[in-house]
Amino acid sequence: MAASITRLSYCRLFKVSQSFGTFREDLRVLNNAYLHISSVKLHKVHSQKKKKVKPMDPRKNTQYPYFPGDPVQEDAVKTLNNEKDQLFKLNEVNKKVYEQKLHEISKHSAANALQKTPSGLMYETLKEGDARLGRTVIEAKSTGHNKTSDLIVLEGQRLIKDALKMGAKAKCIYFCEFDVLDGLTPELLQDVNLYKILYRDMKVWSDTKTPSGILGLFDKPQPGEVLAHSKQQVPITLIFDSLKDPGNAGTLIRTAAAVGCERIITTTGSVNVWEGKVIRSAMGGHFCVPIYSGLSWSEVHNYVTEGTQVFLANSRPSHILERSFDQQMALEDLQVSEDLDLSDSDNEYEKDNDAMESEMRKISVDKHAEDKAYPFHNVPLVVSEYSDIKINFPPDQGRPHVALVVGGETEGLSALAKRFAFDHYGQYVTIPMTEFVNSLNTGIAGSIILYELRKKLLK
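Conventions we followed
Residues numbered from 1 in each chain as written. Predicted model: local features only at pLDDT ≥ 70, side-chain atom pairs only at ≥ 80, totals over all residues. Heavy atoms only, no water. Salt bridge = Lys/Arg side-chain N within 4 Å of Asp/Glu carboxyl O. Helix = DSSP H or I, 4+ residues; strand = E, 2+ residues; numbered from the N terminus. Buried < 20%, exposed > 50% of the residue type's maximum accessible area, 1.4 Å probe, protein only. Pairing = 2+ DSSP bridges. Axes fitted to C-alpha atoms, helices over the stretch in contact; angles between N-to-C directions. Contact = heavy atoms within 4.5 Å. Lys, Arg positive; Asp, Glu negative; His and termini not counted. Phe/Tyr/Trp six-rings, centres within 6.5 Å; stacked < 30°, edge-to-face > 60°. Lys NZ or Arg CZ within 6 Å of the ring centre and 35° of its normal. Parallel < 35°, antiparallel > 145°, perpendicular 65-115°, else oblique. Left-handed = near helix turned anticlockwise from the far one by under 90°. Core = buried A, V, L, I, M, F, W, Y, C linked by side-chain atoms within 4.5 Å. Expected span 1.5 Å × (residues − 1). pLDDT = per-residue confidence, 0-100.

## Some points on the pattern of salt bridges
When their charged atoms lie close together, side chains carrying opposite charge are able to pair. One pass over the full model with this rule turns up eleven salt bridges. Two residues, lysine 141 and aspartate 207, come together in a salt bridge whose shortest N-O distance is 2.7 Å. In this pair, lysine 141 sits in helix α4 (residues 131-141) while aspartate 207 sits in the loop between α6 (199-205) and β6 (214-219), placing the two residues 66 residues apart along the sequence. For aspartate 207, a relative accessible area of 40% corresponds to the partly exposed category. For arginine 158, the salt bridge goes to aspartate 162, with nearest N and O atoms at 4.0 Å. Taken together, the residues arginine 158 and aspartate 162, both in helix α5 (residues 157-165) and four residues apart, mark about one turn of the helix. A residue is classified by how much of its surface remains accessible, and arginine 158, at 54% relative accessible area, is exposed. The network of salt bridges with shared partners includes Glu124, Asp130 and Arg132.

## Remarks on the sheet that holds strand β11 (residues 382-385)
Strand order in the open sheet made by the seven strands is β9-β8-β7-β12-β10-β13-β11, with parallel pairing throughout. Single-partner strands in this sheet number two, and they are β9 (291-295) and β11. This sheet shows a mean twist of 25° between the axes of neighbouring strands, independent of strand direction. In this sheet, strand β13 (residues 427-430) lies alongside strand β10 (residues 309-313) in parallel orientation, the contact comprising three bridges. From the neighbouring strand, leucine 312 faces β13, where its bridge partner is tyrosine 428. Sheet contacts for helix α14 (residues 415-423): β7 (236-241), β10, β12 (402-407) and β13; angle to β10, the most-contacted strand, approximately 145°. On top of the sheet, helix α15 (residues 442-457) reaches β7, β10, β12 and β13; it is set at about 170° to β12, its chief contact.

## Overview of the side chain of arginine 454
Residue position: arginine 454 is located in helix α15. Although buried, arginine 454 forms no salt bridge, and the nearest oppositely charged side chain, glutamate 452, lies 11 Å from it. The residues touching arginine 454, leaving out its near neighbours within four places in the chain, are Gln232, Val234, Ile236 and Val259.

## Considerations on the pairing of strand β3 (residues 151-155)
Burial analysis of β3 places five of its five residues in the buried class, which makes it a mostly covered element. In terms of strand pairing, β3 meets β6 through five bridges, oriented antiparallel. Of the residues in β6, the one forming a bridge with glutamate 155 is leucine 215.

## Some thoughts on the packing of aromatic side chains
Scanning the model with the defined rule gives eight aromatic pairs in all. Measuring from centroid to centroid gives 4.6 Å for tyrosine 292 and tyrosine 303, while their planes differ by 45°, and the two rings are tilted. Linking tyrosine 292 in strand β9 with tyrosine 303 in the loop between α9 (297-300) and β10, this pair joins segments that are eleven residues apart in sequence. Here tyrosine 303 falls in the partly exposed class, since its relative accessible area comes to 29%. Each ring, one from tryptophan 297 and one from phenylalanine 420, has its centre 5.1 Å from the other, and the planes form 45°; the classification is tilted. Residue tryptophan 297 is found in helix α9, and its partner phenylalanine 420 is found in helix α14; the two are separated by 123 residues along the sequence. Residue class for phenylalanine 420 comes out buried when judged on its relative accessible area of 1%. Put simply, the rings of Tyr123, Phe175 and Phe178 touch in pairs and so form one group of aromatic residues. Here lysine 196 stacks its cationic end above the ring of phenylalanine 178, 5.7 Å away from the centre of that ring.

## Focus on unusual backbone geometry
Not every positive phi belongs to a glycine, and serine 242 is a case in point at roughly 55°. Counting through the fold element by element, serine 242 comes out in the loop between β7 and α7 (246-259).

## Let's talk about the packing of α7 against α15
Here α7 crosses α15 at 15°, and the two axes come no closer than 9 Å. Accordingly, the angle class assigned to the pair α7 and α15 is roughly parallel. Relative to α15, α7 is oriented so that their crossing is right-handed. Contact residues: Asn248, Thr251, Leu252, Thr255, Ala256, Ala258 and Val259 in α7; Thr442, Gly443, Gly446, Ser447, Leu450, Tyr451 and Arg454 in α15.

## With respect to the environment of threonine 308
Within the element layout of this structure, threonine 308 appears in the loop between α9 and β10. It is 9.7 Å that separates the C-alpha atoms of threonine 308 and proline 235, two residues lying 73 residues apart in sequence.

## Let's talk about the nonpolar core
Judged by nonpolar contacts, the single largest core of 56 residues is most densely connected at Leu154, Phe218, Leu238, Phe240, Leu404 and Leu453. Among residues more than four places away in sequence, those in contact with phenylalanine 218 are Asp150, Leu151, Ile152, Leu154, Ile160, Ala163, Leu164, Ala168, Lys169, Ala170 and Lys171. Residues Trp297, Val300, Val310 and Tyr428 belong to the second largest nonpolar core, which totals 25 residues.

## Let's talk about α15
Over its 16 residues, α15 extends 22 Å from the first C-alpha to the last, a length consistent with the 22 Å expected when each residue adds 1.5 Å. For α15, the tally of buried residues reaches twelve of 16 residues, placing the bulk of the element in the interior. Looking at α15, one finds that the buried residues are Thr442, Gly443, Ala445, Gly446, Ser447, Ile449, Leu450, Glu452, Leu453, Arg454, Lys456 and Leu457. Tucked into the core, α15 has its buried residues touching β7, α7, β10, β12 and β13.

## Some points on the sheet that holds strand β4 (residues 170-175)
If you walk across this open sheet you meet the six strands as β1-β2-β5-β4-β6-β3, and the pairing is mixed. Of all the strands in the sheet, just β1 (114-116) and β3 have a single pairing partner and so form its edges. For this sheet, the mean inter-axis angle between neighbouring strands, taken without regard to orientation, is 30°. Bridge count for β4 against strand β5 (residues 193-196) is four bridges, and the pairing is parallel.

## With respect to the confidence of the model for the chain
Here the chain averages 80 in pLDDT, while 73% of its residues score no lower than 70. Mean pLDDT across the secondary structure elements of the chain bottoms out at helix α12 (residues 345-350), with 46, and peaks at β7, with 97. Within the model, pLDDT remains below 50 along residues 13-21, and this stretch shows seven contacts once partners closer than five positions in the same chain are excluded.

Have a look at this one:
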């Protein structure tokens, strides 16, 4: 067909070319075009002959049925399986080679990324917006059932320095300038990952308006764990009763560490004592005193001995406090609240497997217990000024145990706290004030009473 078309074109071209006198030139162009077409067709024929036809899988053939045992079909299946095995082995080899090269590249890049500080410590410089900083800080700051790690964030050179000296274990430290590392002992940073970041990245993840330029992630001590033991410990248990202000909580923790308290207990509804503002206010006090956080009042009983003297810190003047007492109240009026058995509440919420459901159940049980204990708000108890506190020393010359309960500034002490004091024959402690002041800051009032208790216990 192509040859007939070519001859026809040749004849027509011959007739036309005679009139113009260009027959020879047109013939040359036509011959070149014919040779090009022939060479292309010949190349396609040879390439089809060289191309290996892949055998079809007889098990997937829709035109001819598959007969197991047929030598031709079985040979085709065997060939296909061998090709698949070879391809799989080749992919596995390529995968191992790729992983090995990737590991070598990452190792080489990490080795090149590490640099030395003027003091000889190894550090890595993070680029702007590096995800590692945000990921670790978010992980440490998450609370409740969303928390996936036991990490806390410490900010400031002095706080990080004191934490390292007391034995706190740092996971990593982010800094902006080398001078903030000068005050830290190099020996304590040998096994710590150091990262140099930009100051604007520090401002994004810092809790302060003007960051100090250094931020560390540390392992949070376990409940009741203390890293630095005091030689002058006194048998005082400090209890936070729904204390929500982080500044007051940090101040009291710092004071408790200075006094040498035996332990600190926070009840359900109190501020998270491991959040940033509380830690900064406490200035390392968290590592000096055993802390048990988030306990219900039924669990508080397990940490207080039978003969413990309980004192309720009252930030209002004594004459205002005494007005709330119901002097006509009898024991029969407390019968409703006496029927409430707090010891069973633990078993109820401990049955929940889910952490969030358990926490919600715990809050619900405590709220119900608070409502049932409401009559204790008006129960008359002994009221003493802080300087008139009397400690009852046991006759066997043993150490008396004291518990100080501190409430929030807005809500004050809960009914459950007052019932706790009633069960232990406790009393209120007040601080005298002039007529122009109707209350004291909770952190200041608690600190004054703590030091008075310390003075009385060491006499």
